[in-house]
Amino acid sequence: MTATAQSVEEHGTTARLAAMPEDWTRALAIVAHPDDLEYGAAAAVAEWTAQGKEVVYVLATRGEAGIDTMEPAEAARVREAEQRASAGVVGVAEVEFLDHRDGVLEEGPALRRDIAAAIRKHRPELVLTINHHDTWGDAPGSPWNTPDHRALGRSVLDAVGDAGNRWIFSDQLEQDGVLPWAGVRWVAVAAAPAVTHAVLVGEDAARKGLASLLEHRAYIEALTDEDPETYARSIVYGGLDHYGHRNGGRRSVAFELHAR
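Quick summary incoming for the structure in this document.

Calculation rules
- Residues numbered from 1 in each chain as written.
- Predicted model: local features only at pLDDT ≥ 70, side-chain atom pairs only at ≥ 80, totals over all residues.
- Heavy atoms only, no water.
- Helix = DSSP H or I, 4+ residues; strand = E, 2+ residues; numbered from the N terminus.
- Polar contact = N/O pair within 3.5 Å; in protein donor to acceptor, adjacent residues only side chain to side chain.
- Salt bridge = Lys/Arg side-chain N within 4 Å of Asp/Glu carboxyl O.
- Buried < 20%, exposed > 50% of the residue type's maximum accessible area, 1.4 Å probe, protein only.
- Pairing = 2+ DSSP bridges.
- Contact = heavy atoms within 4.5 Å.
- Axes fitted to C-alpha atoms, helices over the stretch in contact; angles between N-to-C directions.
- Phe/Tyr/Trp six-rings, centres within 6.5 Å; stacked < 30°, edge-to-face > 60°.

**Re the side chain of His 100**
Reasoning step 1: On the secondary structure map, His 100 appears in the loop between strand E6 (95-97) and helix H4 (109-122).
Reasoning step 2: A distance of 2.7 Å separates the side chain of His 100 from the side chain of Asp 114, its partner in a polar contact.

In structure tokens, the structure reads:
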């Protein structure tokens, strides 16, 4: 039996999710676009920062291709501001952008290099990223994931190893004065089709998770004609309740956890 299987407790007819590790102090969340973290994972971030843990956000793009009715330069400005405000709601003070182009992220050395540099700079124990699998969900006909998410998530998993190897992207050590960092102990993938671990979310963190998604108002208003608060509540609370059914009835954010 694997360690993951041993850590999972049966709850009714569905495997109960194991608890996320808590013995860490620094996390680095690396995603493709503004709003990626706010579709569920931000409520877990709110729980962590309330405990005094440090979380930094790194975004590969500024989401400039995400609003059809807005020119990319203006969308980038708006979405960066929304992301910084959103991060502040859940206690994240530091937000960085890698300035890769939205919509055409490519899995490969260039993206891995920038992610490895961020890991070496911030030296996290936990790295958080977004679903890199082909689909959202594991049922036949599940919605197809976007190229950016697939490329970003896979590059994060690879760059964690790169960051600890002094012979990969070694010029960073000379030019930027950083040291290799092999201290990442876990990579947690949010919104994955097959989750393994969960963070219990209290009412305060749930409210902050909702408020953080609502900071992306320009994006939401371009995405749907539904009232923004109604839409955001259905996304955030719907996700928390969905995983709560697998976690003793308590609202949760779930992750696919990879130990390093």
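**What to know about the pattern of salt bridges**
Reasoning step 1: Considering all chains together, one arrives at 16 salt bridges under this definition.
Reasoning step 2: When the shortest N-O distance is used, the salt bridge between Arg 185 and Asp 23 registers 2.9 Å. Linking Arg 185 in the loop between helix H6 (171-175) and strand E8 (186-190) with Asp 23 in the loop between strand E3 (18-19) and strand E4 (26-31), this pair joins segments that are 162 residues apart in sequence.
Reasoning step 3: With relative accessibility at 32%, the residue Arg 185 sits in the partly exposed group.
Reasoning step 4: Judged by its relative accessible area of 49%, Asp 23 falls in the partly exposed class.
Reasoning step 5: We note a salt bridge from Lys 208 to Asp 204, for which the minimum N-O separation is 3.3 Å. Note that Lys 208 and Asp 204 are positioned in helix H7 (residues 203-214) at a spacing of 4 residues, about one turn of the helix.
Reasoning step 6: The partly exposed category is assigned to Lys 208, whose relative accessible area is 28%.
Reasoning step 7: Here the salt bridges share partners, and the residues they tie into one network are Glu 203, Asp 204, Arg 207, Lys 208, Asp 241 and Arg 251.

**Quick look at the sheet that holds E4**
Reasoning step 1: Spatially, the 8 strands line up as an open sheet ordered E3-E9-E10-E8-E7-E4-E5-E6, and their pairing is mixed. Here the strands that pair on one side only, and so sit at the sheet edges, are E3 and E6.
Reasoning step 2: Taken together, the 2 bridges between E3 and strand E9 (residues 197-200) define a ladder with parallel strand orientation. Paired with Ala 18 across the two strands is His 197, which belongs to E9.
Reasoning step 3: Across the sheet, H4 touches E4, strand E5 (54-59) and E6, and the angle it forms with E4 is around 165°.

**Topic: the packing of aromatic side chains**
Reasoning step 1: Enumeration according to the criterion identifies 3 aromatic pairs in this entry.
Reasoning step 2: Relative to Tyr 231, the ring of Tyr 39 lies with its centre 6.5 Å away and its plane at 75°, an arrangement referred to as edge-to-face. Within this pair, whereas Tyr 39 is found in the loop between E4 and helix H2 (42-50), its partner Tyr 231 is found in helix H9 (residues 228-244), the two being separated by 192 residues in sequence.
Reasoning step 3: By relative accessible area, Tyr 39 is classed as partly exposed at 29%.
Reasoning step 4: A centroid spacing of 6.0 Å and a plane angle of 20° characterise the contact between Trp 48 and Phe 255, whose relative ring orientation is stacked. Of this pair, Trp 48 sits in helix H2 while Phe 255 sits in strand E10 (residues 252-259), and the two are 207 residues apart along the sequence. With respect to class, Trp 48 is no different from Phe 255; both count as buried.
Reasoning step 5: Among the aromatic residues, ring-to-ring pairing joins Trp 24, Trp 48 and Phe 255 into one connected group.

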